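Geometric and topological summary
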Amino acid sequence: MRRLSLVAMIAVAGLMIPASAQAADGVAGVDVSNWTGDIDWAKVRDAGGRFAFVQATEGVDYRNARFDAQYGGAAAAGLIRSAYHFAQPHETDGAAQADYFVDNGGAWISDGQTLPGVLDVEDNPYKDKNGKNTCYDLSPEDMVTWIRDFTTRYHQRTKRRAIIYTTTSWWKTCTGDSTRFGKNPLWLARWGAEPGELPSGWKKHTFWQSADKGPIVGGQDSFNGTESQLKSLANPPAEVTVSGAAKSRKLYTITLKNTGPHAVTDVRLAGRTFGGQKVVKAGPGCSFSGTAVRCVIPKVNPGHSMRVTIATKPSKARGTVGINVTVGSVKVSLKAR
């Protein structure tokens, strides 16, 4: 199976973004919650803020009463925004909290201004109230399972990988320094002049919270990259995976699966047989002549697949035959005997 980035082939609004200057410490941003109160987002923008994390939910029974105003206000001022969920791992399983989060503000939308949602996992601040320890009385194995269930369900619902907010010390203590989540962007919390040591599984942080109170509003954060890279994280390229199978000497299938968050359109496939055979039949949207076949797939929605079947007529009963297929920059060779 091959993964293909379809940026060059498929037009998705907002993908091509010119490079912009990068501050020495990255792109500045803020994080806010109900406790931050009403926010003048124009002042945040004018002070250099380019993104905002806004708390949406906690557990399965709390939603920030100011979320709509804060989240919508950030976007209206031109900031890139993300919602975050404060985990309560002792209350319900991870999938249930992911569903609650997505249903109450954490869903990703393809508007060019929305980052993937955040799973905030950190020290239990309610020890006196719930009687649980720093890790909510979960073992490292159970905590890893809880985080896996949350991030898996979030990806199923949104086709994006949730950002994980945590500290290195908590991650070591409560997950056993798990290496399983390196594909999820890391928002590292460490107040000070440097990000310091990272949790295992990550080679770099994507965001860094360097102070709980910053000079703009709320917490002080930075994105580890350029402003154009931040925008790309909000609106990533469309992607499909390409795989194929030789069912027999006379029958071949090519499967395209949309693994990205965008619908992909106008996907073009070209194939040519070898070994002395001709194309005699192909699926809808395909044309063929002699050894060549061309197909146009109008649309594949996120999470969906499309299969193209090509039938051939070999000129001889023995020997290696097959078809070479190209989809964008991906080439697949299918052989049969």
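Structural data are supplied above this passage.
First, a word on scope: everything that follows refers to the structure included in this document. (Residues numbered from 1 in each chain as written. Predicted model: local features only at pLDDT ≥ 70, side-chain atom pairs only at ≥ 80, totals over all residues. Heavy atoms only, no water.)

When helices and strands are tallied, the protein chain shows 7 helices and 19 strands. With the principal axes as the frame, the protein chain shows a C-alpha extent of 80 × 45 × 35 Å. In the protein chain, which comprises 337 residues, the share counted as buried stands at 49%. Restricting to contacts in the protein chain with at least 6 residues of sequence separation, those with at least 24 account for 66%. (Helix = DSSP H or I, 4+ residues; strand = E, 2+ residues; numbered from the N terminus. Buried < 20%, exposed > 50% of the residue type's maximum accessible area, 1.4 Å probe, protein only. Contact = heavy atoms within 4.5 Å.)

Our next topic: the packing of helix α5 (residues 140-158) against helix α6 (residues 168-175). The N-to-C vectors of α5 and α6 enclose an angle of 115 degrees; their axes lie 7 Å apart at closest approach. On the basis of the axis angle, α5 is roughly perpendicular to α6. Residue-level inspection shows Pro 140, Met 143, Val 144 and Ile 147 of α5 in contact with α6, the latter providing Trp 170, Trp 171, Thr 173, Cys 174 and Thr 175. Split into classes, the residues belonging to the contact of α5 with α6 amount to 7 nonpolar, 2 polar and no charged. (Axes fitted to C-alpha atoms, helices over the stretch in contact; angles between N-to-C directions. Parallel < 35°, antiparallel > 145°, perpendicular 65-115°, else oblique. Nonpolar A, V, L, I, M, F, W, Y, C, P; charged D, E, K, R; others polar.)

On to the state of the cysteines. Tallied over the entire structure, the rule returns 2 disulfides. Each sulfur in the disulfide pair Cys 135 and Cys 174 lies 1.9 Å from the other. Its torsion about the S-S bond being -80 degrees, the disulfide of Cys 135 and Cys 174 is classed as left-handed. Taken as a pair, Cys 135 in the loop between α4 (127-130) and α5 and Cys 174 in helix α6 lie far apart in primary sequence, 39 residues in all. (Disulfide = S-S within 2.5 Å.)

Counted by the stated rule, this structure contains 12 salt bridges. In this structure, the salt-bridge partner of Lys 132 is Asp 137, at a minimum N-O distance of 4.0 Å. Ionic pairing is found between Asp 266 and Arg 268, a salt bridge with its closest N-O pair at 3.2 Å. Residue classification places Asp 266 among the partly exposed residues on the basis of a relative accessible area of 31%. Given a relative accessible area of 45%, Arg 268 falls into the partly exposed group. Salt bridges here are not isolated pairs; linked through shared partners, they connect Asp 99, Asp 103, Arg 153 and Arg 157. (Salt bridge = Lys/Arg side-chain N within 4 Å of Asp/Glu carboxyl O.)

Once that is clear, we can look at the environment of Asp 93. Take Asp 93: it is sitting in the loop between β5 (80-86) and α3 (94-106). Engagement of the side chain of Asp 93 in a polar contact is seen with the backbone nitrogen of Ala 95, the distance being 3.1 Å. Only 2.8 Å separates the side chain of Asp 93 from the backbone nitrogen of Ala 96, close enough to count as a polar contact. (Polar contact = N/O pair within 3.5 Å; in protein donor to acceptor, adjacent residues only side chain to side chain.)

Okay, the packing of aromatic side chains next. Here the structure, examined in full by the defined rule, presents 15 aromatic pairs. Here Phe 101 and Tyr 154 contribute two aromatic rings whose centre-to-centre distance is 5.9 Å and whose plane-to-plane angle is 25 degrees, an arrangement assigned as stacked. Taken as a pair, Phe 101 in helix α3 and Tyr 154 in helix α5 lie far apart in primary sequence, 53 residues in all. Across the pair, exposure class does not vary: Phe 101 and Tyr 154 are buried alike. Within the aromatic cluster, the residues linked to one another by ring pairs are Phe 51, Phe 53, Tyr 84, Tyr 165, Trp 187, Phe 207 and Phe 223. When the ring centre of Tyr 71 is taken as reference, the NZ or CZ atom of Arg 81 above it lies at 4.1 Å. The ring centre of Trp 108 lies 5.0 Å from the NZ or CZ of Arg 160, which sits over that ring. (Phe/Tyr/Trp six-rings, centres within 6.5 Å; stacked < 30°, edge-to-face > 60°. Lys NZ or Arg CZ within 6 Å of the ring centre and 35° of its normal.)

Note that all results are geometric; they support no functional claim without further evidence.
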